[in-house]
Amino acid sequence: QVQLVVPMAVVFGPGSVPGDLPRPLPFRDVQEMEISVNLRTSVTSRYEMLYRSTTGQEEAALAAATAREAAAALHPLQDTTLGSLTMYVVPETSSLLPQGINVYVGKHRSALVRAGGSLAALQARLREVAQVMSFTASSIAAALSDRAPDGQLSPDARRYLKSSLGYEITFSLLNPDPKSHTVDWDIEGAVNLYVKPVLDKLSLVANFSVDSQILYYAVLGVTPRYDKESSSFLLSAHSLPHVINPVEARLGSSAASLYPVLNFLLYVPERSHSPLYIQDKDGAPVSTNAFHSPRWGGIMVYNVEAPASRQASLPLHVDVDMARVMEVFLAQLRLLFGLSREEVPPEFLLERPGNEGLADWELDHLLWAHTVENIATVSTTLTSLAQLLDKIGNIVIKDDVASEVYRAVASVQSAVTELSLGHLHAAFQASKEAVTSSERAFFDPSLLHLLYFPDDQKFAIYIPLFLPMAVPILLSLAKIVRETRQQKKEPTKMD
């Protein structure tokens, strides 16, 4: 039984205190909600709220002209602990929030919330904001997708990457027609400029390694359809799944990898199939000319402008616009980690994270989900190990394997305890250690069940070997016993 505790500070600005508060400020309140995954598994979410008034510094920050300026001024004054949230309640008439916007969520762990008149209306709004910034029932169900019934899962639940200690990211440039195109891409500069800030922030979640490659004569494996009206070639949505297998055979990156590999492919169409556009299910062109595959990566088609004159010398030199390409790949990376912002209500205004590519509360969102998933993974691994040991009575468990099991159990208990105290960072680190220890124990070579045989199999193996030798030996022993008995019966001769 896992309890997720979110420490929340609800700070009332001047003129925003509801008239129906149960007691004078400051006071504490607790709201609980149960997230049921299946008949045996449920997760309790607990929001521990501290209601208080603004300090003088916070009042001055809330007097800023825009919500963004106010959030920037409030950031140094608030609690920045992972998993904690600070909600600043502003009056209904406040000009900080634009017309029709009731909630502004900043880049950090705070939000500006318009007072809803009564305390009940405000609490409902606060609960909605807290779920956006921490975890929702669907995100927890997605983290526990192995245990949740299929009907309960949202369509996106299978899209997200499973929790892992590390990920490998491979950027590949596919040039199927090098005779026509010489393609240059500054992948190292683009990774440093666009990808590195995101991975630096995600380094708390897992280890990342990035590599790149250029593949020549690598075709998609699907022949696009020619459209006379637009004088272009089209790839329909139903043919996209058939694109990946032929390309993946050429990538070769996942063969020697211990961790999940994320593939991001930039495909420059051959001259005979150019320009090439991707269509969605409704037949409309996809604006990014890219698509992504759940838990695998994404492919972007990069069209090259045809030369003005037919006499232009081949191959054509192409410089890839890395800003446009990386914008698409980073959006796909966010999708794969479950950080899409499609579920936000219309009265919410979310500030873009900027160069970091990831808001602080989005990092927390990821840590909540991965911590719960890690605890479930350790539970499943240790249960499987216990069932294996129960099946094989004569299995030998070495001391180092036993210590890994004890360490995994202690770490997972520590993670559950830290979650119930609201310490997200400590809980996540303990869950990572538990996963490492449980997998070391489970995959230890000495516990390979093929090394141990049931007794009936041993008899089946050894009887054909020993029976041919045993028969003459047993017959000889029987003969010796008979002769001995006869000798004892015969009377001894006396001279």
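For the chain, an unreviewed UniProt entry supplies the name PIGS transamidase and the organism Rhagologus leucostigma. Quoted verbatim from the Pathway (unreviewed entry) field of UniProt, the annotation for the chain is "Glycolipid biosynthesis; glycosylphosphatidylinositol-anchor biosynthesis."

A. Representation of the UniProt feature "transmembrane region" (unreviewed entry) in the chain in the model. According to UniProt, the feature "transmembrane region" (unreviewed entry) maps to residues 459-481 in the numbering used here. In residues 459-481, helix accounts for 100% and strand for 0%; the two terminal C-alpha atoms are 28 Å from one another.

B. Examining the pairing of strand β6 (residues 110-114) more closely. Most of β6 sits out of view: five of its five residues are buried. Of the two faces of β6, the one lined by S110, L112 and R114 and the one lined by A111 and V113 are each fully buried. Bridging between strand β5 (residues 103-105) and β6 involves three bridges; their strand directions are antiparallel. In the strand pairing of β6, V105 is matched with A111. Between β5 and the antiparallel strand that follows it, β6, lie four residues.

C. Molecular detail of the sheet that holds strand β13 (residues 276-278). One open sheet holds the three strands; their spatial order is β10-β11-β13, and the pairing between them is mixed. At either margin of the open sheet sits one strand with a lone partner, and together these are β10 (225-227) and β13. Adjacent strand axes in the sheet meet at a mean angle of 40 degrees, parallel and antiparallel pairs treated alike. Pairing analysis gives three bridges linking β10 to strand β11 (residues 232-235), with the strands arranged antiparallel. In the strand pairing of β11, R225 is matched with L234.

D. Geometry of the pattern of salt bridges. Under the defined criterion, the tally for this structure stands at twelve salt bridges. Its salt-bridge partner being D364, residue R109 comes within 2.6 Å of it at the nearest N-O pair. Taken together, the residues span a long stretch of sequence, with R109 in the loop between β5 and β6 and D364 in helix α8 (residues 360-391) at a distance of 255 residues. Across the pair, exposure class does not vary: R109 and D364 are buried alike. In this structure, the salt-bridge partner of E373 is K162, at a minimum N-O distance of 3.7 Å. Taken together, the residues span a long stretch of sequence, with E373 in helix α8 and K162 in the loop between α4 (137-143) and β7 (166-175) at a distance of 211 residues. Residue class for K162 comes out partly exposed when judged on its relative accessible area of 26%. Residues joined in a network through salt bridges with shared partners are R109, K201, D360 and D364.

E. Layout of the packing of helix α5 (residues 187-202) against helix α7 (residues 322-336). Relative to each other, α5 and α7 sit at 35 degrees, their axes nearing to 10 Å. The two elements α5 and α7 cross, and the hand of that crossing is right-handed. Listed contacts from α7 to I187, A190, V191, Y194, V195 and V198 of α5 are M322, A323, M326, L330 and L333. Looking at the contact of α5 with α7 residue by residue, the class counts come to eleven nonpolar, no polar and no charged.

F. View of the domain arrangement of the chain. Here the domain parsing of the chain yields domain 1 (2-144 + 344-350), domain 2 (166-337), domain 3 (360-447) and domain 4 (454-488). On a C-alpha basis, the centres of domain 2 and domain 3 stand 37 Å from each other. Taken together, the seven residues of domain 2 in the interface contact ten residues of domain 3. Approximately 790 Å² of surface area, both sides summed, lies buried where domain 2 meets domain 3, with 62% of it carried by carbon and sulfur atoms. For the domain 2 face of the interface with domain 3, the top three residues by lost area are K201, L204 and V205, together amounting to 68%. Between K201 and D360 there is a salt bridge whose closest N-O contact spans 2.6 Å. Linking domain 2 to domain 3 there are two residue pairs in polar contact (both at pLDDT 80 or more). Of the residues that constitute the side of domain 2 that touches domain 3, the class distribution is five nonpolar, no polar and two charged.

Conventions we followed
- Each chain carries its own residue numbering, running from 1 in the direction its sequence is written.
- In keeping with the predicted nature of the model, local features appear solely for residues at pLDDT of at least 70, side-chain atom pairs appear and are counted solely at 80 or more, and the whole-chain, interface and lining totals rest on all residues.
- Only hydrogens and water are set aside; all other atoms, that is, all heavy atoms of the structure, feed into the side-chain values.
- UniProt positions are given in the numbering used here, feature names are shortened, and annotations may be inferred rather than shown by experiment.
- Secondary structure follows DSSP: runs of H or I at least 4 residues long count as helices, runs of E at least 2 residues long count as strands, and numbering of each begins at the N terminus.
- Buried residues are those whose accessible area, probed at 1.4 Å on protein chains only, stays under 20% of the maximum for their type, while exposed residues exceed 50% and partly exposed ones sit between those limits.
- Any two strands are treated as partners once DSSP identifies two or more bridges connecting them.
- Axes, fitted as lines to C-alpha atoms, cover a helix only where it is in contact. Angles between the N-to-C directions of the axes lie from 0 to 180 degrees.
- The term salt bridge refers to a side-chain nitrogen of Lys or Arg lying within 4 Å of a carboxyl oxygen of Asp or Glu.
- Here a crossing is called left-handed whenever its near helix is offset anticlockwise from the far helix by less than a right angle, and right-handed whenever the offset is clockwise.
- Whether two residues touch is decided by their heavy atoms; if any such pair falls within 4.5 Å, the residues are in contact.
- When residue character is reported, Ala, Val, Leu, Ile, Met, Phe, Trp, Tyr, Cys and Pro are called nonpolar, Asp, Glu, Lys and Arg charged, and the others, Gly included, polar.
- All the domain ranges listed were derived from an automatic or database domain assignment.
- Here the quantity called buried area is the total loss of accessible area, with a 1.4 Å probe, experienced by two parts when brought into contact, counted for both.
- A 3.5 Å cut-off defines polar contacts: any pair of N or O atoms within that distance qualifies, except that in protein one atom must be a possible hydrogen donor and the other a possible acceptor, and neighbouring residues in sequence count only when both atoms are side-chain atoms.

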